[in-house]
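If you want the building blocks of each chain, they are given just below.
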Amino acid sequence: MQWEQLLSLKRQGDTTKRLRKEEDDTRLGFEVDYDRIIFSSTFRSLQDKTQVIPLSKTDFVHTRLTHSLEVSVVGRSLGRLVGKKIIEKHPYLQDIHGFQTNDFGAIVAAAALAHDIGNPPFGHSGEKAIGEYFKIGNGKHYRDQLTDKEWQDLVDFEGNANGFNLLATSRPGIEGGLRLSYATLGAFMKYPKESLPKKPTKAIADKKYGFFQCDKDFFKEVAQELGLIANKTGNNIGYERHPLAYLVEAADDICYTIIDFEDGINLGVISEDFALEYLIKLVKDKVQVQKYKSLTTKEDRVSYLRALAISSLINDAVTVFLDNEEAILAGNYPHALTDQGKYTAQMKDIINLSIENIYQSREVVEKEVIGYRIINTLLDTFCTAYNNKYEGNASNYDKLVLKMLPERFTADKASLYDRLLHISHFVSTLTDGKALLLYNTITGVK
């Protein structure tokens with residue numbers, strides 16, 4: 001893979017080539033990507049979507065929106081630090097093509113901002129709830145009418161693939177979705193493969209999938225424009241990662257590891273003593289003892305350690321990336337950056353503590369159970385009504401239910417796969433609160 005191709009400014013529908021040296025630096029294309037994402041309604045909905053604690057009323061607990069903003073900030077730092085070294089190593093990128101250090105930061109920041117945009121309500125259990133509706137719920141009777149890959153898209157519903165769909169899918173009057181640059185879309189694509197074969201290798205890029213069958217043609221167009229390396233055979237579609245996708249993933253890994261841990265301490269489900277014990281291993285060379293002792297509140301002390309820990313992990317991820325740049329460009333790097341750094345063991349210790357005390361806490365489990373029931377009910381109600389309408393046998397109840405769909409989800413879809421995925425998209429865009437409100441309306445709960 002070549003950097004000048006990987007940094008493509010092309011957007012869906014372009015008929016002429018966009019050259020970096022002809023860009024207006026006051027309105028750079030990669031920065032426009034960030035603006036388009038942050039002003040989108042889909043991004044705004046993240047303000048009421050679960051990061052860790054579903055339906056939390058605590059003001060300092062992170063939502064998907066605050067998490068995404070923080071991942072974007074970390075991603076920008078990662079991109080700029082890497083970009084500075086890449087430009088120094090490959091000066092032709094600047095001398096001939098006009099690329100700048102901050103271009104890398106802008107691409108990673110935009111992709112990181114959107115990294116959770118496709119996640120359903122109620123956290124990762126929301127993905128599982130959608131999948132299990134089709135796998136073992138009332139939706140399983142659709143199986144015989146779909147291809148293997150279409151069915152896998154549904155039973156293994158994936159927020160990353162859903163995010164690509166939300167960012168890139170056309171609808172009447174809006175061609176190409178948000179029309180992001182292909183470089184940003186490439187950095188967004190952490191898992192550049194289709195849903196089958198499932199986990200064909202142990203490489204990190206094959207861990208999940210990154211696009212639905214309805215999006216495969218455009219996905220291939222983006223991958224080919226960027227010069228990504230195809231790595232699947234036969235009729236299967238898959239590519240090696242865009243190098244900057246490693247930085248987006250690292251930003252996410254750093255933030256959820258450290259900041260979820262911070263949330264757990266502030267919530268009181270993890271002792272502050274653990275914060276000192278676990279975080280000090282990441283920051284022992286940076287801590288100013290007098291500064292730390294001068295902080296009088298738990299929140300300030302943990303915040304200080306968190307900031308230092310994130311800085312250490314950023315620098316470590318940059319080192320791992322630069323040490324392996326040639327392997328990454330050759331498509332021969334199967335690891336996450338944070339799995340190969342000097343703090344890998346410490347991060348795993350923190351994650352294990354968070355799993356035990358936060359992710360599996362009674363409050364989280366109880367609200368995830370509620371989320372399963374809500375999502376199952378919404379899918380069953382709307383899939384039934386939507387398909388009955390298409391088949392011409394909608395009941396009065398079905399017609400009333402469909403009036404609750406937002407206007408952009410009322411369009412007819414010809415294939416069963418498109419209809420089922422369409423309703424799954426709708427449910428995935430709901431906030432936690434809106435999903436609960438719809439559920440209460442449907443079930444008659446005040």
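Residues numbered from 1 in each chain as written. Predicted model: local features only at pLDDT ≥ 70, side-chain atom pairs only at ≥ 80, totals over all residues. Heavy atoms only, no water.

Peer 1: Explain the nonpolar core to me, and be specific about the residues and the numbers.
Peer 2: Counting 91 residues, the largest nonpolar core has W3, I37, L78, F164, L244, L279 and L282 as the members making the most contacts within it. Setting aside anything within four residues of it in sequence, one finds W3 in contact with I86, H90, L93, F104, P243, L244, F321, E325 and L329. Residues F122, Y209, L420 and A435 belong to the second largest nonpolar core, which totals 38 residues. (Core = buried A, V, L, I, M, F, W, Y, C linked by side-chain atoms within 4.5 Å. Buried < 20%, exposed > 50% of the residue type's maximum accessible area, 1.4 Å probe, protein only. Contact = heavy atoms within 4.5 Å.)

Peer 1: So what's going on with empty space enclosed by the protein? Residues and values would help.
Peer 2: Tallied over the entire structure, the rule returns four cavities of 30 Å³ or more. Volume-wise, the largest cavity comes out at about 40 Å³. Lining the largest cavity are N160, F188, M189, K190, Y191 and G210. Along the lines of polarity and charge, the residues of the lining of the largest cavity split into three nonpolar, two polar and one charged. (1 Å grid on protein atoms, 1.4 Å probe; cavity = no way out; pocket = protein on both sides within 12 Å on 5 of 7 lines; lining within 4 Å. Points joined across faces, edges and corners; volume = space filled by probe spheres on them. Nonpolar A, V, L, I, M, F, W, Y, C, P; charged D, E, K, R; others polar.)

Peer 1: Give me the layout of surface pockets: which residues, what numbers.
Peer 2: One number sums up the size of the second largest pocket: a volume of about 630 Å³. If you trace the second largest pocket, you find 25 residues lining it, with N165, T169, S170, R171 and R408 closest to the centre. Of all the secondary structure elements, the ones that give two or more residues to the lining of the second largest pocket are α3 (41–44), α9 (159–168) and α20 (416–429). For the lining of the second largest pocket, the element with the most residues is α20, which contributes four residues. Split into classes, the residues belonging to the lining of the second largest pocket amount to 10 nonpolar, nine polar and six charged. (Helix = DSSP H or I, 4+ residues; strand = E, 2+ residues; numbered from the N terminus.)

Peer 1: Any details on the packing of aromatic side chains? Residues and values, ideally.
Peer 2: In this structure the tally under the stated criterion is 14 aromatic pairs. An angle of 80° between the planes, with centres 6.4 Å apart, marks the rings of F134 and W151 as edge-to-face. Of the two residues, F134 sits in helix α7 (residues 124–135) while W151 sits in helix α8 (residues 148–155), which places them 17 residues apart along the sequence. For the pair F134 and W151, one class covers both residues: buried. Site record: aromatic cluster; members linked through ring pairs are F164, Y182, F211, F218 and F219. Directly above the aromatic system of Y246 lies the positively charged group of R241, at a separation of 4.9 Å from the ring centroid. Taking NZ or CZ as reference, R419 lies 3.9 Å from the ring centre of Y390, over its face. (Phe/Tyr/Trp six-rings, centres within 6.5 Å; stacked < 30°, edge-to-face > 60°. Lys NZ or Arg CZ within 6 Å of the ring centre and 35° of its normal.)

None of the figures reported here should be taken as evidence of function without further support.
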